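Descriptive analysis of the structure
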Amino acid sequence: MPPAPRVRFAPSPTGFLHVGSGHSALANWLFARQSGGELLLRIEDTDAERNRPELVDNVLEMLEWLGLTWDGEPVYQSQRGDLYRDAAAKLVAGGHAYYCDCTAEQVQARAKERGGKPGYDGHCRDRGLEPGPGRALRFRVPESGATGWVDLIRGDVAFEHANIEDFVVLRSSGAPMFLLANAVDDADMGITHVIRGEDHLNSTPKYLLLLQALGIAPPGAFAHMPLLVNEQRKKLSKRRDDVSMADYRDRGYLPEAMVNYLALLGWGPPDGVEVRPIPELVELYRLEDVNPSPAFFDLKKLSYVNAEKIRALSPEAFRARAGAHLAAQGVDPAVLSEASAALASLTTEVQERVRTLGDVQPMIEFLYVDEPTMDDASWQKAIVKGKAVVEMLDATIAGLEALGPDHWQPEPIRGAIEAAAVTAGHVSADGTAQLSKAQGPVRVAVTGRSVGPPLFESLAVLGRDRTLARLRSTRRRLG
RNA sequence: GCCCCCAUCGUCCAGCGGCCUAGGACGCCUCCCUUUCAAGGAGGUAACACGGGUUCGAAUCCCGUUGGGGGUGCCA
């Protein structure tokens, strides 16, 4: 029986976790959970200059938020220097690496002189330099032959050694480089499947060469995931694209929606059912079926998936999530309890209308603020450009005033507004009330917006006094 | 420049030599339902990059072209 698969997610704490890394992390997680294997976490913080420890917290927090649980404690490369130095010493002893005192400038200058191809020219290969200050350790890439592997996603991939330069494995400071640490750690941690982004494809032969020189068997399989790209078909980047995972959380996207959507990028379930519970994704996901082409991160579809996930929630769960989101947004506790009460009274009406949890607050705000914020476009549309607005408001006020507090329920309110519509002339051919047009001014006067939850229910929840006050206030504004 | 990867509707995915006058999903459009907006229902729009092979037969296999992307750091 082959050993249980063991995979790893190895982020570098040089930025917030973004959706592209999340995509790779997810592939690892799905594979681990489905195969009964393990997912290890390794923080690749060998670059002391760019490394920002506080970002590790963000990465871990986001993985937890997404539900991408890992096994064991995270491993920090910054604490494993000895391992890499030992490996480097082995390389030197075996004649697989040599010291080099060329500066970046010198390397570049010579490349320019040579014309054409940039990169290191092997200048110090046979100089027999001893270790010392200003001297980096370079790997001696074989002059002929090629190194390749069978990629689970891409099939056969191979690189000729002639095209691989002698790369640095130890900086002149003695600090290990990514390639060395990465390969040594994967071996040390017993990684069986290396699942990562396509941006690592070109470094894989170096990784393999390193292990071979070290006399270590390579991982059983590699899978290079398609890159996530923007509308310009460029790799998603922190600078120009909206990629911070935390931002999506803060805007009210559900973790299960993000996970579900990310799984759909580069892969599709065999039965075509795209939005489904995470356990089903775990069961169905196949690395072998992942599409090698880059995939566009489409906010519209994410949004759709999110709306589906929100509607799939029980009303109680929806309320809890929306409340938690409001709280996380730093809403004042007093306001929060009012908002929660407001939401409780219109839960399903709101739930089926929002696409993100961030949409909840604007939809129910009119229920607990003293004066609803008036949306200019709505005012223009329903009040300024509406027909028989004054008549409609007057008739509605009169009709609702006639409604006693005991009858302040959706149906009686509907009756009053329908009657007002008829009075104001909003009738269809058969003489019955035409609510589609008539309700506009009332809705805007009371809620400040032309869209929102169903009107009669909203007014019932708002209460008689506040409803009438707002209607009168708007009526006064019209002179 | 060089190396590598990729190439089906606007987007994501299906298709793994005949079931394809290419299917599903998002988006967009139309209509229905309807108290706004959603949701829901019924339709519609829209693609095999190009050129050569192989084969009785190609979206599917091979080669080339073109296009796109990634890498090319003493970053990861």
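Not measured: the values here are computed from a predicted model.

Calculation criteria
- Residues numbered from 1 in each chain as written.
- Chains lettered and ligands numbered in written order.
- Predicted model: local features only at pLDDT ≥ 70, side-chain atom pairs only at ≥ 80, totals over all residues.
- Heavy atoms only, no water.
- Helix = DSSP H or I, 4+ residues; strand = E, 2+ residues; numbered from the N terminus.
- Rg over C-alpha atoms; globule rule 2.2 N^0.38 Å.
- Buried < 20%, exposed > 50% of the residue type's maximum accessible area, 1.4 Å probe, protein only.
- Contact = heavy atoms within 4.5 Å.
- Areas by Shrake-Rupley, 256 points an atom, 1.4 Å probe, with all protein chains shown as cover.
- Lys, Arg positive; Asp, Glu negative; His and termini not counted.
- Charge placed at Lys NZ, Arg CZ, Asp CG, Glu CD.
- Salt bridge = Lys/Arg side-chain N within 4 Å of Asp/Glu carboxyl O.
- Near = heavy atom within 4 Å.
- Polar contact = N/O pair within 3.5 Å; in protein donor to acceptor, adjacent residues only side chain to side chain.
- Nonpolar A, V, L, I, M, F, W, Y, C, P; charged D, E, K, R; others polar.
- 1 Å grid on protein atoms, 1.4 Å probe; cavity = no way out; pocket = protein on both sides within 12 Å on 5 of 7 lines; lining within 4 Å.
- Points joined across faces, edges and corners; volume = space filled by probe spheres on them.
- Axes fitted to C-alpha atoms, helices over the stretch in contact; angles between N-to-C directions.
- Parallel < 35°, antiparallel > 145°, perpendicular 65-115°, else oblique.
- Phe/Tyr/Trp six-rings, centres within 6.5 Å; stacked < 30°, edge-to-face > 60°.
- Domains from an automatic or database assignment.
- Pairing = 2+ DSSP bridges.
- Expected span 1.5 Å × (residues − 1).
- Arc of directions from axis to C-beta.

**Notes on the overall build of chain A**
The helix and strand inventory of chain A stands at 20 helices and 12 strands. Taking 23 Å as the expected radius of gyration for a compact globule of 479 residues, we find that chain A reaches 31 Å, considerably beyond that expectation. Its C-alpha atoms give chain A principal-axis dimensions of about 100 × 55 × 45 Å. When each of the 479 residues of chain A is scored for burial, the buried share is 50%. Residue pairs in contact within chain A that sit at least 24 positions apart in sequence constitute 75% of those at least 6 positions apart. In the structure as shown, chain A presents an accessible area of about 22,500 Å², 51% of it carried by carbon and sulfur atoms. Side-chain charges in chain A split into 54 positive and 64 negative, and the spacing between the mean points of these groups amounts to 4 Å.

**Quick notes on the pattern of salt bridges**
By the definition in use, this model includes 30 salt bridges. Between R249 and E61 there is a salt bridge, with the nearest N and O atoms lying 2.8 Å from each other. Pair noted here: R249 is in helix 7 (residues 245–250) and E61 is in helix 2 (residues 54–66), with a separation of 188 residues, a long-range link. The partly exposed category is assigned to R249, whose relative accessible area is 24%. A cluster of three or more residues bridged by salt bridges with shared partners is formed by R8, R42, E44, R80, D185, D186 and D188.

**Considerations on the protein's contact with RNA strand B**
Neighbouring RNA strand B are 65 residues; R154, R171, E274, Q439 and G452 lie closest to it. Here a phosphate oxygen of RNA strand B sits 3.0 Å away from a polar atom, N or O, in the main chain of F178. In the model, a sugar or linking oxygen of RNA strand B is placed 2.9 Å from a nitrogen or oxygen of the E352 main chain. The set of elements that each furnish at least two residues to the surface near RNA strand B consists of strand 5 (136–139), strand 7 (155–160), strand 12 (295–296), helix 10 (299–312), helix 18 (435–447) and helix 19 (455–462). Looking at the surface near RNA strand B residue by residue, the classes come out as 24 nonpolar, 16 polar and 25 charged.

**Brief notes about the environment of Q34**
Take Q34: it is sitting in helix 1 (residues 19–35). C-alpha of Q34 to C-alpha of E280: the two residues are 246 residues apart in sequence and 9.9 Å apart in space. Setting aside anything within four residues of it in sequence, one finds Q34 in contact with V282, E283, L284, Y285 and R286.

**A look at the layout of surface pockets**
Approximately 1,100 Å³ is the volume attributed to the largest pocket. Mapped onto the lining of the largest pocket, the elements with two or more residues apiece are strand 1 (6–9), helix 1, helix 5 (178–188) and strand 9 (193–197). When residues of the lining of the largest pocket are assigned to their parent elements, the largest contribution, five residues, is made by helix 1. If you trace the second largest pocket, you find 21 residues lining it, with Y120, A162, N163, I164 and E165 closest to the centre. Among the residues making up the lining of the second largest pocket, the classes are represented as eight nonpolar, five polar and eight charged.

**Quick word on the packing of helix 3 (residues 81–93) against helix 6 (residues 204–214)**
It is at 9 Å that the axes of helix 3 and helix 6 come closest, and there the two elements cross at 75 degrees. Our classification of the angle between helix 3 and helix 6 gives roughly perpendicular. Residues A87, K90 and L91 of helix 3 form the contact with helix 6, whose participating residues are L210, A213 and L214. Within the contact of helix 3 with helix 6, the residues separate by chemical class into five nonpolar, no polar and one charged.

**Focus: the packing of aromatic side chains**
Here the structure, examined in full by the defined rule, presents eight aromatic pairs. Judged by centre distance (5.5 Å) and plane angle (70 degrees), the ring pair of Y261 and F297 falls under edge-to-face. Separated by 36 residues along the polypeptide, Y261 in helix 8 (residues 255–263) and F297 in the loop between strand 12 and helix 10 bring together distant segments of the chain. Judged on exposure class, the residue Y261 and its partner F297 are both buried. Linked through ring pairs, W149, F159, Y207 and F222 together constitute an aromatic cluster.

**Comments concerning the domain arrangement of chain A**
Domain parsing of chain A yields domain 1 (1–76 + 226–312), domain 2 (315–369) and domain 3 (375–477). Each of domain 1 and domain 3 was reduced to a C-alpha centroid, and the two centroids are 47 Å apart.

**Quick look at the sheet that holds strand 2 (residues 38–43)**
Spatially, 1-2-3 is the arrangement adopted by the three strands of the open sheet, whose pairing is parallel. Among the strands making up the open sheet, the edge pair consists of strand 1 and strand 3 (75–76). Looking at chain direction, strand 1 and strand 2 are connected through four bridges and run parallel. Within strand 2, the position partnered with F9 by the bridge is L41.

**Examining the pairing of strand 4 (residues 97–100)**
Two faces, one strand: in a regular strand the side chains alternate between the faces of the sheet. Alternating residues of strand 4 divide into A97 and Y99 and Y98 and C100, and every residue in both groups is buried. As paired strands, strand 4 and strand 5 are joined by four bridges and run antiparallel to one another. Across the sheet, C100 pairs through a bridge with A136, a residue of strand 5.

**Focus on helix 20 (residues 464–477)**
Here helix 20 spans 20 Å end to end across 14 residues, near enough to the 20 Å set by a 1.5 Å rise per residue. Taken residue by residue, helix 20 has T467, L468, R470, L471, T474 and R475 as its buried positions. The buried residues of helix 20 occupy an angular sector of 160 degrees when projected down its axis, which confines them to one face. Exposed and oriented more than 90 degrees from the buried face of helix 20 are D465, R476 and R477. Check the buried side of helix 20 and you find it contacts helix 15 (376–384), helix 16 (389–401), helix 18 and helix 19. At the C-terminal side of helix 20, G479 shows a positive phi close to 80 degrees.

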